[in-house]
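Below are the chains, spelled out letter by letter.
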Amino acid sequence: MGSGSARATCSHSPAHSHRQGATACVRKAGATPALCLALGIVASLLAAGCGGDSTFMGTVVPDAAPDSRVTGTPPVLAQTEFTVHFFWTGSDRDGWIDHFQWRISNNGRDGKVDVTDTLGLRWHRTAVTDSVFVVQADLDSFSIDVADPRQDPHSYRAWQTHTFFLRAVDNDGVGDPTPATVSFTATTLTPIIAIDIPAAQTTTSCVSAARVLTFGWTGQDPDAANLEPASVRYLLYEVPGCYTRTQYERENPLASVPDALWSPWIPYRAAQDSGRIVTLRRQDLLRSFFFAVQAKDVAGAVTPTLEWGENVRHVQIADGNRPLLTVSEPFLGTFDFSGPGTIQSFEIVSGQPLQFSWTAGASSYAGIVEAFRYGWEVQDYNDSNDPGWAVGWGLGELYRRANPRSFGQGTPNFVVQVRDNSGTVTRAIFQFDVIQVARRDEQRDLLLVQDWPRGNTALESNLERKWDDRWNSLLLGRVTNFDRGTDVLDTHDDPTGFTFRRLNNYKGVIYFNKGSDFKTQFHELLAPLSTTATRYNWFEVYQARVGNVLFCGPQSMNGTIEFNPPVWRLPVVFNVPDGGDLGFGTALSVDGSTFNRGTLRYPYTAWCLEAIDSVRPAPGQIFGELIGAGRLRTRECDAMVRAVVDDDFLNAYPSARGEVNDLRPTSERDAQFGQTIAYYQFDREEFYNANVTRRDVSLSVRSCQQTMYRLRARREEGWVDRPDSLCFPEHRLVSSLDHAPVAIASTVYAQTKQLPGAEDYLWGFHPLAFDLGDLRSALLWILRERWHLSTQ
């Protein structure tokens, strides 16, 4: 009978046939008569069941076909993912299941499987009972989703209907003639791709581009494991003249471009970044092109849109496009160049180290930077053999920074060039006039710079005379050879006198200023123009290479940074990545790393400050303070009464004991509320390295400074005698500003000056509002003990 059970067919036969069958069983199979009789009875019953009467007539048919069943499918067959998991099983009545075969059809937009869908589909053999399949989902406009992918490209899906066929094959090689089937619709989020080289096109017409075009892009596939598309293709399509965006969207010229004009599909992670950037052949001038790029995922879904400014760029080949070259130097600042030779001229100090670094870009016009070169004292910029070139053309980190260089005298230059892949060059030229640092024994002792903007009212004139008298009382006759006519520079009367050459003639400078209105000469000449445009701060060069500085006045450091409309929100913290009204933002260094721009600002570099703040700035300038919702701190409660000498300062400078004492208030500071008092800016006085707001930022004092004085607030001195004061006892129990540092000694440049070891001093308050005896003692101690000036 063969292996396994037999398939029976039904037919009519004589009633005694079972006896003949039993006999045949014994004869042919060697079975006992009892076994043969039992088999005969079974056969008779089977025959009776098939024929409907008692007549038995059986014929055994071998090799019954197996049965197949799918036991597990995705939960929602109407919209599955493009990876589907199926489970199956099979059975065979006359043997066992040897293996399974499967195939999957693409059913098209009608969603129904028919003969044409399965033509040519081959069966795949497998021995397992489940598997995960990746299927195509490459049809657009899934009916459940948005009609227009531009409305929400991150939710737009492609789709495809499929049928899964499964059949079992038995040990005789017989397959299930009626395979199990499951139909389903696979979906996938379509990949998104955007051109980012050149930068995003916001114009409504074509843009000027280089003769050698370079385009780069970034693709995303939201439902891929690595979030990246599988492959990309691009198109460069020439059109007559320039389209407007409106015309492009109306005519849709790329929709009918044949596939033959597109590039082959390139793996997104192809070698040498060829799946993410392409440089095309050199083009003739004035030709106009559309460049487009599409992405495809592993399910075959293709980016459904060709959108202006996203994955389409419209360019016209033009002459005159040049790389943008950005050159930075710690003291000189940061400068942008685009063209054959812009010259920046500077006075520098003999021996001043110059440390240039630079970056460049050509992506704005679809170009690419090809090489750099730089040199010192270059005579012929166009001669590659000029002996001034430090390096030849090259690309890499060594070609994007110059080794430090200094000059003792003369008029040297520094030149850096960048070339794009169209052969166009941008050149930056720095021309220097080297100033000899005056010998210390030839310098005068002390210059007083009064940089306090004022009007010409009688009140202001009276105050000016009063303050002049106080400075004279502090310095005339106290500092040897200090002359009121020679050694005082009032920038209000002489706005052109504030120069490096003037300061270079002095061993020390007292710089008295009001930084709150951003009209000082310091701010006008030296402060950065914006968070991205810095300027040469020759005052810091003086501080670093020549002499010592006492910088004093309300909001002094605030006035050395850029004005940031509408306001800075205090505290201004330097070493943070925040931008906008909270900070200076970040920038890329030449090695591609990110740094915080605030670390290049004068308060951070020269004074070692982590943060600056002031007692009572304008409403809305304190972090967390809402206009009209009450003030977080007030002049009545938080303004400074005394400047308390710091114990650690006395420990660091033992000679200061008995000389540097608390600064006690004058009658003007006692009053705090009169019209005259407003000119003292008591509510704008600065404190440092403190965060007394709820801003989530940490500060750490670096070792390059020492606190000299700390603020003693009005509330802590009991100055709450005005019942209408916001600091009256029932209103405020303690001032958040008490004990904040208001004066520091900076050692940043202590070892690079002509007098090694002499630190600089920063007082964030109006010094003339304190008792002149205490003030004179502290001031003369600095001049005599620390700056080695001759005093009486």
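Refer to the structure above for everything that follows.
Every value quoted in this text rests on a predicted model; they were computed, and no experiment measured them.

## Observations concerning the overall build of the chain
Piece 1. Counting its regular elements, the chain contains 13 helices and 37 strands.
Piece 2. Expressed as a percentage of the 792 residues in the chain, the buried residues total 49%.
Piece 3. Sequence-distant contacts, at least 24 apart, represent 74% of the contacts inside the chain between residues at least 6 apart.
Piece 4. With the model as given, the accessible surface of the chain reaches about 35300 Å², and the carbon-plus-sulfur share is 50%.

## Some words on the environment of Tyr542
Piece 1. By secondary structure assignment, the location of Tyr542 is in helix H8 (residues 538–545).
Piece 2. Taking relative accessible area as the criterion, Tyr542 reaches 0% and is therefore assigned buried.
Piece 3. A polar contact is formed between the side chain of Tyr542 and the backbone oxygen of Tyr506, at a distance of 2.9 Å.

## Brief notes about empty space enclosed by the protein
Piece 1. According to the stated counting rule, one finds three cavities of 30 Å³ or more in the structure shown.
Piece 2. Volume-wise, the largest cavity comes out at about 70 Å³.
Piece 3. Around the largest cavity, the lining residues are Trp452, Arg454, Glu460, Leu463, Glu464, Trp467 and Tyr679.
Piece 4. By residue class, the composition of the lining of the largest cavity is four nonpolar, no polar and three charged.

## A look at the packing of aromatic side chains
Any pair of aromatic rings gets described here by the distance separating the centres and the angle formed by the planes.
Piece 1. This structure, assessed with the given rule, holds 65 aromatic pairs.
Piece 2. One cation-aromatic arrangement involves Arg276 over Tyr268; the distance from NZ or CZ to the ring centre is 5.8 Å.
Piece 3. Over the ring of Trp393 we find Arg419; its NZ or CZ atom is 4.6 Å from the centre of that ring.

## Considering the nonpolar core
Piece 1. If you look at the biggest cluster of nonpolar residues, it comprises 66 residues, and the most contacted ones within it are Phe356, Phe430 and Phe539.
Piece 2. Within the second largest apolar cluster, 56 residues are counted, among which are Leu448, Phe482, Ile782 and Leu783.

## Notes on the sheet that holds strand E34 (residues 686–688)
Piece 1. Taken in spatial order, the three strands make up an open sheet running E29-E32-E34, and their pairing is antiparallel. This sheet does not close on itself; its edge strands, each paired only once, are strand E29 (572–573) and E34.
Piece 2. Taken together, the three bridges between strand E32 (residues 611–614) and E34 define a ladder with antiparallel strand orientation. Directly across from Ser614, in E34, lies its bridge partner Glu686.

## Side note on the sheet that holds strand E24 (residues 425–435)
Piece 1. Strand order in the open sheet formed by four strands is E20-E24-E23-E22, with mixed pairing between adjacent strands. Looking at which strands have only one partner, the edges of the open sheet turn out to be strand E20 (342–349) and strand E22 (369–376). Averaged over all neighbouring strand pairs, the angle between strand axes comes to 15°, with direction disregarded.
Piece 2. The sheet contact formed by E22 and strand E23 (residues 413–420) spans seven bridges and is antiparallel. Within E23, the residue paired with Trp376 across the bridge is Phe414.

What counts and how
- Residues numbered from 1 in each chain as written.
- Predicted model: local features only at pLDDT ≥ 70, side-chain atom pairs only at ≥ 80, totals over all residues.
- Heavy atoms only, no water.
- Helix = DSSP H or I, 4+ residues; strand = E, 2+ residues; numbered from the N terminus.
- Buried < 20%, exposed > 50% of the residue type's maximum accessible area, 1.4 Å probe, protein only.
- Contact = heavy atoms within 4.5 Å.
- Areas by Shrake-Rupley, 256 points an atom, 1.4 Å probe, with all protein chains shown as cover.
- Polar contact = N/O pair within 3.5 Å; in protein donor to acceptor, adjacent residues only side chain to side chain.
- 1 Å grid on protein atoms, 1.4 Å probe; cavity = no way out; pocket = protein on both sides within 12 Å on 5 of 7 lines; lining within 4 Å.
- Points joined across faces, edges and corners; volume = space filled by probe spheres on them.
- Nonpolar A, V, L, I, M, F, W, Y, C, P; charged D, E, K, R; others polar.
- Phe/Tyr/Trp six-rings, centres within 6.5 Å; stacked < 30°, edge-to-face > 60°.
- Lys NZ or Arg CZ within 6 Å of the ring centre and 35° of its normal.
- Core = buried A, V, L, I, M, F, W, Y, C linked by side-chain atoms within 4.5 Å.
- Pairing = 2+ DSSP bridges.
- Axes fitted to C-alpha atoms, helices over the stretch in contact; angles between N-to-C directions.

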